[in-house]
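A look at the structure
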Number of protein chains: 2
Amino acid sequence: MTAVAQPSPRIGIIGTGAIGGFYGLMLARAGFDVHFLLRSEYAAVSEHGLHLNSKVHGKLHLSAVQAYARAADMPACDWLLVGTKSTGNVDLAPTLVQVAAPDARIVLLQNGLDVEDSLREHLPPSLHLLGGLCYIGVHRSGPGVVEHQALGRVNLGYHSGGAADDEAGRKAIVEEGAALFHKAGIESQAMADVHQARWHKLVWNVPYNGLSVLLGTGTTALMADESSRELIQALMAEVVQGARACGHDIAASYADQMFAMTETMDDYLPSMYHDHVHKRPLELAAIYARPLAAAKAAGCELPRIQALYQALSFIDRHNR
Amino acid sequence: MTAVAQPSPRIGIIGTGAIGGFYGLMLARAGFDVHFLLRSEYAAVSEHGLHLNSKVHGKLHLSAVQAYARAADMPACDWLLVGTKSTGNVDLAPTLVQVAAPDARIVLLQNGLDVEDSLREHLPPSLHLLGGLCYIGVHRSGPGVVEHQALGRVNLGYHSGGAADDEAGRKAIVEEGAALFHKAGIESQAMADVHQARWHKLVWNVPYNGLSVLLGTGTTALMADESSRELIQALMAEVVQGARACGHDIAASYADQMFAMTETMDDYLPSMYHDHVHKRPLELAAIYARPLAAAKAAGCELPRIQALYQALSFIDRHNR
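Residues numbered from 1 in each chain as written. Chains lettered and ligands numbered in written order. Predicted model: local features only at pLDDT ≥ 70, side-chain atom pairs only at ≥ 80, totals over all residues. Heavy atoms only, no water.

Moving on: the overall build of chain A. Summing up its helical and strand segments, chain A has twelve helices and ten strands in all. Against the compact-globule benchmark of 20 Å for 320 residues, chain A has a radius of gyration of 19 Å, which places it among compact chains. If one aligns the C-alpha atoms of chain A with their principal axes, the spans along those axes are about 55 × 45 × 40 Å. Of all 320 residues assigned to chain A, the portion counted as buried reaches 56%. Partitioning the contacts of chain A with sequence separation of at least 6, the portion at a separation of at least 24 is 72%. For chain A, the exposed surface amounts to about 13,200 Å²; the carbon and sulfur share of it is 52%. Here chain A carries 25 positive and 32 negative side-chain charges, and the mean point of each set is 4 Å from the other. (Helix = DSSP H or I, 4+ residues; strand = E, 2+ residues; numbered from the N terminus. Rg over C-alpha atoms; globule rule 2.2 N^0.38 Å. Buried < 20%, exposed > 50% of the residue type's maximum accessible area, 1.4 Å probe, protein only. Contact = heavy atoms within 4.5 Å. Areas by Shrake-Rupley, 256 points an atom, 1.4 Å probe, with all protein chains shown as cover. Lys, Arg positive; Asp, Glu negative; His and termini not counted. Charge placed at Lys NZ, Arg CZ, Asp CG, Glu CD.)

Okay, here's the thing in structure tokens:
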């Protein structure tokens, strides 16, 4: 028997910011056929390409970018990697439907809980929706310029779609996604449960995103002060507690591990810090409101997370 | 029988900031013999007197101020009203001992819990120590210039000293103090229990002082936003819970009353806001750490207050 050569999938990047830019560039350099949808940076990227300044991979440049200003101009894609903010998911469905091949896999490279829900009802049932949890330190420094500071792992989990009732099918799709990233030199793990994966990521996002805005600082200062360290640990413990109430067991040692990992990092300003500085809406629904509501529905109060959420809501409303 | 005319007591103001300046000026205008201890503002007040711009009493000026730059120059006082920050109480005892008449009553016009404790052990046992809880909106706008926005009530309670074991004696002293303020047109109530009085005051101070610093705003904005309103109410509920755990019953309606009262006020920037802006140490021990420790010792966790305290500690340490 000879293996049938599988055609290389076509990949669409929806939202070419720091996350979309990084993964799209890495996949394009690995030889994949990658198409980028842009808005405000379309002209800059068409002309100058995408630049990645990476502390891990060095300075990389993708000169000939297949860039589009309108979804209608894009070819149908087998994989769609969504790097836009979760705050815009409600309005994203028409774009995705336009670009998706009939059997497409859509991966939301976003933080927070249940970010898939506001999209799902507006997509054809057959389209596969996956969650992608990015463990990466990355930010935009200019039009088409991405700074990559550390890490890069993407953990994938199947959320919903045509393979919902087919365990083997779900597994195959998630592993196919992980294999794409592997070919681009990026760590990626197939997760059995996307909700559990999202709760895991919240252990980091809940304390560091919110406190970076509330206290106006990055991880180094937060990890250097006794009081903020205690607060971070108490917030992490509440996330673990909330996850357990919702039926997702997270080992207490996982929180310790995230805390210790952050201690080894160079100073990092989380995405919510950048959103706040640039007066963009904060991703409070995905990272705070939904986890709080899910925990509460399971009979579990998370008072510190709730207080943090209320303070951030005030800040967000006064920041537009 | 004819009443024996009681000699008018001599009053010393220790720390002539907004609080000390306001009450000292009002008492001096009522005819009391008031002596003011000042530090940085001594020259200005000696030359120009004390100015009060009050929305309640109008513009008042005390031209001939009995002002002192050194405690050693002051006459012995029967009443000492302390308007300095509680953060300096440890170093205050020698000054008080120097100025106090043998049977003096010392009133700490300060916020927070157990602010008397760090002083008590350094004072002669006979000296009477009282707590004074000021319900007033007042701040300094320049050397010797005090802006008075609203209210003015001082609630007094006996803390410790020569009358500790003499209930009638304690009562007489506290009522004597209240009478002084009454003569100056200021509301004042004799409280049976200074600790209970301090917990009552914390119902206001814990949310508004801390959130004014954390969110960089005054009461009007805090009362106009749904999320900060919820957070204020949740913090107030925790103070009531902590007080109860420590044996001081506060009616839940008292918190509602403080909340409603704040809603009727003009925009007010609490003292901690001014301390933060002027890069002075925040009164975190008195307003947060000690109530948290007292509640914890009684088996009661106050997670939102603790989170707020931890965030403020970070801010305070980065603000010097």
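Residues and elements named next belong to chain A. By the assigned domains, chain A splits into domain 1 (10-192) and domain 2 (196-318). Each side of the interface is counted separately: domain 1 has 24 residues, and domain 2 has 24 residues. Across the domain 1/domain 2 interface, buried area totals approximately 2,000 Å², and carbon plus sulfur atoms make up 55% of it. In this assembly, domain 1 and domain 2 are joined by three salt bridges. The partner of Lys85 in a salt bridge is Asp275, with the nearest N and O atoms 2.9 Å apart. (Domains from an automatic or database assignment. Buried area = accessible area lost by both parts, 1.4 Å probe. Salt bridge = Lys/Arg side-chain N within 4 Å of Asp/Glu carboxyl O.)

Glancing now at the confidence of the model for chain A. Confidence in the prediction of chain A, expressed as mean pLDDT, is 95, and 98% of residues score 70 or more. Scored by ipTM, the complex comes to 0.89, with pTM at 0.91. (pLDDT = per-residue confidence, 0-100.)

Rotating chain B by 180 degrees about the axis while translating it 0.0 Å along that axis superimposes it on chain A, leaving an RMSD of 0.0 Å. With respect to symmetry, the two chain copies, as superposed, fit the operation of a two-fold axis. Minimal C-alpha distance to the rotation axis in chain B is attained by B:Arg304, lying at 2.7 Å. (Least-squares fit on C-alpha atoms with pLDDT ≥ 70 in both.)

For the rest of this paragraph, the subject is empty space enclosed by the protein. The final tally for this structure, using the stated rule, is two cavities of 30 Å³ or more. As a volume, the largest cavity reaches approximately 140 Å³. Around the largest cavity, the lining comprises 15 residues; the ones closest to its centre are A:Leu214, A:Ala307, A:Leu308, B:Ala307 and B:Leu308. At the level of elements, helix 6 (194-214), helix 8 (226-245) and helix 12 (303-317) of chain A together with helix 6 (194-214) and helix 12 (303-317) of chain B are the ones that each hand at least two residues to the lining of the largest cavity. Classifying every residue of the lining of the largest cavity gives 13 nonpolar, no polar and two charged. In this structure, the second largest cavity is lined by B:Trp199, B:Leu202, B:Val206, B:Val239, B:Ile287, B:Pro291, B:Leu302 and B:Ile305. Those elements that provide at least two residues to the lining of the second largest cavity are helix 6 and helix 11 (284-297) of chain B. The greatest single-element share of the lining of the second largest cavity, amounting to three residues, is contributed by helix 6 of chain B. Broken down by class, the residue content of the lining of the second largest cavity amounts to eight nonpolar, no polar and no charged. (1 Å grid on protein atoms, 1.4 Å probe; cavity = no way out; pocket = protein on both sides within 12 Å on 5 of 7 lines; lining within 4 Å. Points joined across faces, edges and corners; volume = space filled by probe spheres on them. Nonpolar A, V, L, I, M, F, W, Y, C, P; charged D, E, K, R; others polar.)

With that out of the way, let us pick up the interface of chain B and chain A. Every contact between the two is made by 22 residues of chain B and, on the other side, 22 residues of chain A. Summed over both sides, the interface between chain B and chain A buries roughly 1,900 Å², with carbon and sulfur atoms accounting for 61% of that surface. Taken as a group, B:Arg304, B:Gln310 and B:Phe314 account for 31% of the area that chain B buries against chain A, more than any other trio of residues on that side. Applying the counting rule to chain B against chain A returns two salt bridges. B:Arg317 is paired through a salt bridge with A:Asp225; the nearest N and O atoms lie 2.6 Å apart. Mapped by element, the contributors of at least two residues to the side of chain B that touches chain A are helix 7 (219-224), helix 8 (226-245) and helix 12 of chain B. Each residue belonging to the side of chain B that touches chain A can be placed in one class, and the counts come to ten nonpolar, seven polar and five charged.

For the rest of this paragraph, the subject is the UniProt feature "domain: Ketopantoate reductase N-terminal" (unreviewed entry) in chain A. Annotation from UniProt places "domain: Ketopantoate reductase N-terminal" (unreviewed entry) at residues 11-160 of chain A. Between the end C-alpha atoms of residues 11-160 of chain A there is a gap of 20 Å, over a span that is 20% helix and 45% strand. (UniProt positions renumbered as here; feature names shortened; annotations may be inferred.)

Scanning all chains against the criterion turns up ten aromatic pairs over all chains. Considering the side-chain rings of A:Tyr23 and A:Phe181, the 5.6 Å spacing of their centres and the 85 degrees angle between planes classify their relative orientation as edge-to-face. Taken together, the residues A:Tyr23 in helix 1 (residues 18-29) and A:Phe181 in helix 5 (residues 167-183) connect sequence positions 158 residues apart. On the accessibility criterion, A:Tyr23 (0% relative accessible area) is buried. Geometrically, the ring pair formed by B:Trp204 and B:Tyr268 is tilted, given 6.2 Å between the ring centres and 55 degrees between the ring planes. Here B:Trp204 is found in helix 6, whereas its partner B:Tyr268 is found in the loop between helix 9 (252-264) and helix 10 (271-277), with 64 residues between them in sequence. Exposure class is identical for B:Trp204 and B:Tyr268. Each is buried. Grouping aromatic residues by their ring pairs yields a cluster made of A:Phe22, A:Tyr23 and A:Phe181. Here A:Arg153 stacks its cationic end above the ring of A:Tyr135, 4.6 Å away from the centre of that ring. (Phe/Tyr/Trp six-rings, centres within 6.5 Å; stacked < 30°, edge-to-face > 60°. Lys NZ or Arg CZ within 6 Å of the ring centre and 35° of its normal.)

So, on to the UniProt feature "domain: Ketopantoate reductase C-terminal" (unreviewed entry) in chain A. When the UniProt feature table is mapped to this numbering, "domain: Ketopantoate reductase C-terminal" (unreviewed entry) covers residues 193-314 of chain A. Annotation note: span residues 193-314 of chain A, helix share 76%, strand share 0%, distance between end C-alpha atoms 33 Å.

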